[in-house]
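Residues per chain, in single letters:
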Amino acid sequence: MKVLIVGGGGREHAIAACVAKSPKVDKIYCAPGNAGIGQIAECVPIGAMEFDKIVAFAKEQAIDLTIVGMDDPLVGGLVDALEAEGLRAFGPRKNAAILEGSKAFSKDLMKKYNIPTAAYENFDNAEDAVKYLKEQASFPIVLKADGLALGKGVLICNTLEEALAGVDEIMLDKKFGAAGNRMVIEEFMTGREVSVLSFVDGKTIRIMTSAQDHKRAKDGDQGLNTGGMGTFSPSPFYTEEVDAFCKKYIYQATVDAMAAEGRPFKGVIFFGLMLTKNGPKVLEYNARFGDPEAQVVLPRMKNDIIEVMEACVDGTLDQIDLQFEDNAAVCVVLASDGYPVSYEKGFVINGLENFDGKDGYYCFHAGTKLTDRGIVTNGGRVLGVTAKGATLKEARANAYAATEWISFENKYMRHDIGKAIDEA
């Protein structure tokens, strides 16, 4: 088989590494890819939103399966464009990717089908939002830009003043661009956050292992929100009781709701859950693998990922027994100092060869580029260093030891990824 992966971050590197293990695959392409992906796939200089070029390339090369890793092309309808030309693609169509593409849509869906989530209201203009905040809201409260905002369009406001400033930021100043044309105001929930990824074929859902992400830039969950500074899997807080509740009220209910709406979902649904004192509730849905969650979940998967993805496309997922190793994985993101605000790029990365042939250790590239000086930094999140271990504690120790194998100027990381597990 020939496989094309669309995207160029750590998630796509983790997918590519998983695809490379499949005996069914003899050639992998990635558009646009990065320096790390380039070691296992042929990178082609096509952007993830250049649909015409992607479709033309897939036809030219007779690609058997295109895997769309990123949210923007899914929400924009890349899968539809590929299918229109008779090409097979893994990921939701445009009318199903709205599950992530519009927070207002997903909140309304949960309300309609009684899927547990925070209380909320949707707003199309700033005046109504301000009126609601002044007259009805209790604080703290959460403001969310409706559209895609790189995982950053969420503001937690402790006071009315903060919330009013937040409305200005999202809806008037358009800090998150067109994502802020609509806004969701939602009840602030407290509890532990857990991420659960799943494969879906339109009717059947198979749950992957749980994970937990660290969003803040600095140790102790201080600093600004980022795309994720590290993650671990499984989450000790995702207990059998939580799993049973979610299977009964959330997972299948979401798949059935999308089918009932005439938007059958095929691909990956990412459930962002909050474990509240009143039981698990859905914080958000994503319509693809999380990043960096994919970097700890996929290395633990026992199945051939191509078999699973083809079953999702063909509607035969009920025949797949999805299995994960009985171990743990921790990923520590090596970032450029100054991320997520401003940072320098172009520093040479040393030590990547230290991962060669080391079982259970992975170095996934997020923001890297191949130059005549070697592989250099090319983004805020540069690398994801992942290690497995028999326990979370052991995986964490292994991951932090492996972060020392890599060096580049302005290298920055958190030192407390998975620290909660030492206390769990």
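Cut-offs used in this document
- Residues numbered from 1 in each chain as written.
- Predicted model: local features only at pLDDT ≥ 70, side-chain atom pairs only at ≥ 80, totals over all residues.
- Heavy atoms only, no water.
- Helix = DSSP H or I, 4+ residues; strand = E, 2+ residues; numbered from the N terminus.
- Rg over C-alpha atoms; globule rule 2.2 N^0.38 Å.
- Buried < 20%, exposed > 50% of the residue type's maximum accessible area, 1.4 Å probe, protein only.
- Contact = heavy atoms within 4.5 Å.
- Areas by Shrake-Rupley, 256 points an atom, 1.4 Å probe, with all protein chains shown as cover.
- Lys, Arg positive; Asp, Glu negative; His and termini not counted.
- Charge placed at Lys NZ, Arg CZ, Asp CG, Glu CD.
- Pairing = 2+ DSSP bridges.
- Axes fitted to C-alpha atoms, helices over the stretch in contact; angles between N-to-C directions.
- Expected span 1.5 Å × (residues − 1).
- Bend = angle between axes of the 7 residues up to and from the residue.

Visitor: Help me understand the overall build of the chain in this model?
Guide: On a plain count of helices and strands, the chain comes out with 13 helices and 22 strands. For the chain, the C-alpha radius of gyration of 21 Å lies close to 22 Å, the compact-globule estimate for 424 residues. Overall, the C-alpha framework of the chain stretches about 60 × 45 × 40 Å when taken along its three principal axes. Put simply, the chain has 424 residues, and 57% of those count as buried. Of all intrachain contacts in the chain linking residues separated by at least 6 positions in sequence, the fraction that spans at least 24 positions is 68%. By element, 48% of the accessible surface of the chain is carried by carbon and sulfur atoms, the whole surface being about 17,300 Å². Side-chain charges in the chain split into 47 positive and 60 negative, and the spacing between the mean points of these groups amounts to 1 Å.

Visitor: How do you make sense of the sheet that holds strand β8 (residues 154-157) when you look at a structure like this?
Guide: Paired through backbone hydrogen bonds, the strands of a sheet run either parallel or antiparallel to each other. If you trace the four strands from one edge of the open sheet to the other, you get β6-β9-β7-β8, paired in antiparallel fashion. Both outer strands of the open sheet, β6 (120-123) and β8, are each paired with one neighbouring strand and no more. With direction set aside, neighbouring strand axes in the sheet form an average angle of 20°. Judged from the five bridges that link them, strand β7 (residues 141-145) and strand β9 (residues 183-187) form a sheet pairing that is antiparallel. If you follow Ile 141 over to β9, its bridge partner there is Glu 187. Contacting β6, β7, β8 and β9, helix α8 (residues 160-172) crosses the sheet at an angle of about 5° to β7.

Visitor: What am I meant to see in the sheet that holds strand β3 (residues 42-43) here?
Guide: Pairing within the open sheet is parallel, and its five strands lie in the order β3-β2-β1-β4-β5. Taken across any chain shown, the strands that pair with only one partner, and hence form the sheet edges, are β3 and β5 (89-90). For strand β1 (residues 2-7) and strand β2 (residues 27-32), the ladder comprises six bridges, and the chain directions are parallel. Across the sheet, Ile 5 pairs through a bridge with Cys 30, a residue of β2. Here helix α2 (residues 51-60) sits on the sheet in contact with β1, β2 and β4 (65-68), set at roughly 170° to β1. Sitting on the sheet, helix α11 (residues 305-314) touches β1, β4 and β5, and the angle it makes with β4 is about 90°.

Visitor: What's the story with helix α9 (residues 240-260) in this structure? I'm lost.
Guide: An α-helix turns once per 3.6 residues; consequently, residues spaced three or four apart project the same way. With 21 residues, α9 ought to run about 30 Å at 1.5 Å a step, and its terminal C-alpha atoms sit 29 Å apart, in line with that. Of all bends in α9, the biggest is about 55°, found at Lys 247. If you follow the buried residues of α9, they end up packed against α5 (94-101), α6 (103-112), β10 (192-201), β11 (205-213), β15 (266-276) and β16 (279-286). Directly beyond the C-terminal end of α9, a positive phi value near 75° is found at Gly 262.

In short, geometric facts, not functional conclusions.
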